[in-house]
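# Structural features, examined
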Amino acid sequence: MKTIRDLNAPPHVEGRVEAIVVRGASRAPARRIEATTALARIGLADDRLGQRGEAELSTRQVTLIQQEHLPVIAQLARVAEVDPVKLRRNLVVSGINLLALKNAKLQVGEAVLEIVGPCAPCSRMEEEIGPGAYAAMRGHGGMTARVLTGGAIRVGDGVRAVQATERAG
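Structural notes, computed from the coordinates. (Residues numbered from 1 in each chain as written. Predicted model: local features only at pLDDT ≥ 70, side-chain atom pairs only at ≥ 80, totals over all residues. Heavy atoms only, no water.)

## Describing the nonpolar core
- Grouped together as the largest cluster of nonpolar side chains are 25 residues, with contacts concentrated most on L64, L91, L106, V108, L113 and I153.
- Of all elements in the fold, only β1 (14-22), β5 (62-66), β6 (91-94), β7 (105-108), β8 (111-118), β9 (143-149) and β11 (158-162) reach the threshold of two or more residues within this core.
- Filtering out sequence-adjacent residues up to four positions away, L64 remains in contact with R89, L91, V93, L98, L106, L113, I115, G141, G142, M143 and A145.
- Core analysis: the second largest hydrophobic core is formed by 14 residues, I65, I73, A74 and A77 among them. (Core = buried A, V, L, I, M, F, W, Y, C linked by side-chain atoms within 4.5 Å. Buried < 20%, exposed > 50% of the residue type's maximum accessible area, 1.4 Å probe, protein only. Helix = DSSP H or I, 4+ residues; strand = E, 2+ residues; numbered from the N terminus. Contact = heavy atoms within 4.5 Å.)

## Digging into the pattern of salt bridges
- Using the criterion set out here, one finds six salt bridges in the structure.
- Notably, a salt bridge pairs D83 with R32, separated by 3.7 Å at the nearest N-O pair. With D83 in the loop between α3 (70-77) and α4 (84-87) and R32 in strand β2 (residues 31-33), the pair connects residues that are 51 residues apart, well separated along the chain.
- The partly exposed category is assigned to D83, whose relative accessible area is 36%. (Salt bridge = Lys/Arg side-chain N within 4 Å of Asp/Glu carboxyl O.)

## Here we look at the pairing of β9
- With three bridges joining them, β5 and β9 adopt antiparallel strand pairing. Bridged to L64 within β9 is M143.
- Here β8 pairs with β9 via six bridges, running antiparallel. From the neighbouring strand, V112 faces β9, where its bridge partner is T149. (Pairing = 2+ DSSP bridges.)

## Structural notes on the sheet that holds strand β3 (residues 35-39)
- Spatial strand order, β4-β3-β10: three strands in an open sheet with antiparallel pairing. In this open sheet, the two edge strands, each paired with only one partner strand, are β4 (43-44) and β10 (151-154).

## Focus on the pairing of β3
- Covered by surrounding structure in β3 are T36 and A38 only, the residues A35, T37 and L39 on the alternate face being uncovered.
- In the sheet, β3 pairs with β10 via four bridges, with the strands oriented antiparallel. Looking across to β10, one finds that A35 is bridged to R154.
- With two bridges joining them, β3 and β4 adopt antiparallel strand pairing. Opposite L39, over in β4, you have G43 as the bridge partner.
- Here β3 folds back onto β4 in antiparallel fashion, the turn holding three residues, of which R41 has a positive phi close to 65°.

Given below as structure tokens:
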């Protein structure tokens, strides 16, 4: 019989990067790109933190959201679909349960990220998606992460939990 510790260990599941979304400034429009570089202790090179090039203590160096949550958000917000660019999360991933990986390390392309905690929605969601979007995203807003090891990240790259006994990179 497995213990709770066993059940909470990162699963041997691989996901995939479906989209990369960046923006130049806090309120600037977001845009989709095909590839970027994660900068250790900073963020994504093409995003606002990476463009500043300063070490960031924030736990929001990179934000991630599950593609599987997009139809749920759309249904709860009563819209036909949700464009991931409007959600302003950096990485849209599929096939892996991000919430189950809090405090785990993830290999994303060549980079290693540490999942820190939930990424709560902001009031911008009401502007971007419509009335009710903030509430629709609660519990579906994704996760925040720190960049532990820099490296290239491309759409289509694998996403997998790195076991504690495994060397990342």
